[in-house]
Amino acid sequence: MTEVVTWTSGGAIVGRFEVTRRGFLTGGLALAGTAVLGATVGAGTAWAFDGPPITDCAGWGARPNSAVVPIWNQRPVKILVHHTATPNVTDYSQGAAFALARSIQNFHMDTRGWLDTGQHFTISRGGDVMEGRHRSLEVLRIGQRQVEGAHCTGQNIVSVGIENEGTYIDTDPTDALWTSLRTTCAYICSQYGIAPTELYGHRDFKNTACPGDRLYGMLPRLRREVAGLLGKNVEGGATQKASWPLLRPGDVGVDVQAAQYLLRDHGMTEVVPHGRYDAATADAVVAFEQATGAEDVGMLGGETWPVLARTVRSSERSEAAKAVETLAARRNAESVPDVVTRPDWQRLLGTGGSPADTSVDRVGPPR
């Protein structure tokens with residue numbers, strides 16, 4: 001069954017919520033014209049939580065979306081954290097926040113060619129929370145459906161995307177942004193019944209540095225603090241999620257060497273497994289990404305590792321088996337299972353944790 005959902009700029013809903021303090025304080029084509037209804041996924045127990053004030057699209061002066069915004073009859077099952085990769089400005093005013101939202105929408109519509117802003121919500125460095133894509137706030141308040149986004153390939157109808165203003169490679173977010181991010185995530189989790197441990201970074205699913213090394217490194221803390229706001233107790237191990245290492249040109253080490261063996265395993269025998277992410281390795285990564293339909297940015301991250309690191313059996317005499325041996329040697333001959341699968345690769349790469357949610361779009365709008 002299908003449902004056509006129309007939207008006019010005059011139909012905006014202003015969404016503002018009173019804050020309740022509990023506990024302690026570098027983005028696809030959508031399905032134009034229809035909103036496909038499917039079986040509900042990700043339904044869970046909701047926890048009561050009043051979110052932060054959120055300014056809707058009309059409030060910050062958004063343009064009308066250029067096509068129908070698809071709405072799916074299912075709940076999202078995770079939250080994806082992004083950074084805008086824009087300057088870390090010191091103008092924390094609401095006016096600056098609204099100007100940011102407009103500039104993002106203009107870029108996404110005029111340069112990317114999307115029907116609207118790609119992410120569902122945006123948080124400024126001053127802590128202002130804004131609706132990104134039209135209808136995201138309205139649908140969140142109901143807590144039953146999902147606005148299709150355009151913020152991460154394969155995750156656009158199973159996750160809520162939050163953009164955080166700034167670049168967080170080697171800088172922490174402002175206290176105001178962090179507080180708003182925590183309360184926004186807690187509210188989304190409360191409305192949709194999303195477990196507070198199901199918070200991820202963009203790089204978990206794409207070959208990107210987003211949301212920056214520092215903000216990505218703060219995700220375990222974010223999971224713990226969001227759980228606290230919801231009255232839940234999340235112990236240490238549960239705040240850590242299995243992930244793939246992000247490798248970039250200039251990196252050195254065993255993880256790079258394992259990746260080089262895996263590239264050779266896929267036929268790129270010109271790659272030398274010396275453990276340095278040199279220009280030849282970067283070229284091979286780009287070629288592999290192009291061949292597998294991934295974004296060819298030259299970084300090796302959450303989009304490409306699952307394709308590159310294939311299942312390996314102990315009886316093999318292959319380049320992939322050499323990658324396993326290399327990683328196991330770093331762990332002092334730690335026992336390796338007879339069949340090495342995704343969780344084993346992540347454990348050997350040193351990024352093992354609680355299992356990641358691998359849910360993906362039933363249909364795959366890019367980005």
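In this report, the structure presented in the accompanying data block is examined. (Residues numbered from 1 in each chain as written. Predicted model: local features only at pLDDT ≥ 70, side-chain atom pairs only at ≥ 80, totals over all residues. Heavy atoms only, no water.)

**Some words on the overall build of the protein chain**
Next, step 1: Regarding its fold elements, the protein chain presents eleven helices and twelve strands.
Next, step 2: By the burial criterion, 54% of the 367 residues in the protein chain qualify as buried.
Next, step 3: Of the roughly 14,700 Å² that the protein chain leaves accessible, carbon and sulfur atoms contribute 52%. (Helix = DSSP H or I, 4+ residues; strand = E, 2+ residues; numbered from the N terminus. Buried < 20%, exposed > 50% of the residue type's maximum accessible area, 1.4 Å probe, protein only. Areas by Shrake-Rupley, 256 points an atom, 1.4 Å probe, with all protein chains shown as cover.)

**Let's talk about the pattern of salt bridges**
Next, step 1: For the structure on display, the rule yields 16 salt bridges.
Next, step 2: Where Arg135 meets Glu138, a salt bridge forms, and the shortest distance between an N and an O atom there is 2.6 Å.
Next, step 3: Of the residues examined, Glu138 reaches a relative accessible area of 19% and is grouped as buried.
Next, step 4: As a salt-bridge pair, Asp172 and Arg214 come within 3.1 Å of each other at their nearest N and O atoms. Taken together, the positions of Asp172 in the loop between β9 (159–164) and α4 (175–192) and Arg214 in helix α5 (residues 213–217) put the pair 42 residues apart, joining distant regions of the chain. (Salt bridge = Lys/Arg side-chain N within 4 Å of Asp/Glu carboxyl O.)

**Let's talk about the sheet that holds β9**
Next, step 1: With mixed pairing, six strands are arranged side by side in an open sheet as β3-β7-β6-β9-β5-β10. In this open sheet, the two strands that pair with only one neighbour each are β3 (54–55) and β10 (199–201).
Next, step 2: Judged from the three bridges that link them, strand β6 (residues 121–123) and strand β7 (residues 129–131) form a sheet pairing that is antiparallel. Along β7, the bridge assignment pairs Ile123 with Val129. (Pairing = 2+ DSSP bridges.)

**Quick word on the pairing of strand β5 (residues 78–83)**
Next, step 1: Burial within β5 is extensive, with six of its six residues counted as buried.
Next, step 2: For β5 and β9, the ladder comprises six bridges, and the chain directions are parallel. Bridge pairing in β9 links His82 to Glu163.

**As for the nonpolar core**
Next, step 1: Ile79, Leu181, Cys185, Ile188, Leu222 and Val226 are the most contacted members of the largest nonpolar core, which totals 36 residues.
Next, step 2: Looking at this core, the element that brings in the most residues is α4, giving nine residues.
Next, step 3: Ala284, Phe288, Ala320 and Leu348 belong to the second largest nonpolar core, which has 30 residues in total. (Core = buried A, V, L, I, M, F, W, Y, C linked by side-chain atoms within 4.5 Å.)

**So, the side chain of Glu165**
Next, step 1: Examined against the element boundaries, Glu165 turns out to sit in the loop between β9 and α4.
Next, step 2: Buried and without a salt bridge, Glu165 has Arg125 as its closest oppositely charged side chain, separated by 5.5 Å.
Next, step 3: A polar contact is formed between the side chain of Glu165 and the backbone nitrogen of Arg125, at a distance of 2.8 Å. (Lys, Arg positive; Asp, Glu negative; His and termini not counted. Polar contact = N/O pair within 3.5 Å; in protein donor to acceptor, adjacent residues only side chain to side chain.)

**Quick look at the packing of α4 against helix α6 (residues 219–229)**
Next, step 1: Close contact between α4 and α6 brings their axes to 9 Å; oriented N to C, the two are set at 60°. Relative to α6, α4 is oriented oblique. Considering the relative orientation of α4 and α6, their crossing is right-handed. Contacts between α4 and α6 involve Trp178, Leu181, Arg182, Thr183, Cys185, Ala186 and Cys189 on the former and, on the latter, Arg221, Leu222, Glu225, Val226 and Leu229.
Next, step 2: Taken together, the residues of the contact of α4 with α6 break down into eight nonpolar, one polar and three charged. (Axes fitted to C-alpha atoms, helices over the stretch in contact; angles between N-to-C directions. Parallel < 35°, antiparallel > 145°, perpendicular 65-115°, else oblique. Left-handed = near helix turned anticlockwise from the far one by under 90°. Contact = heavy atoms within 4.5 Å. Nonpolar A, V, L, I, M, F, W, Y, C, P; charged D, E, K, R; others polar.)

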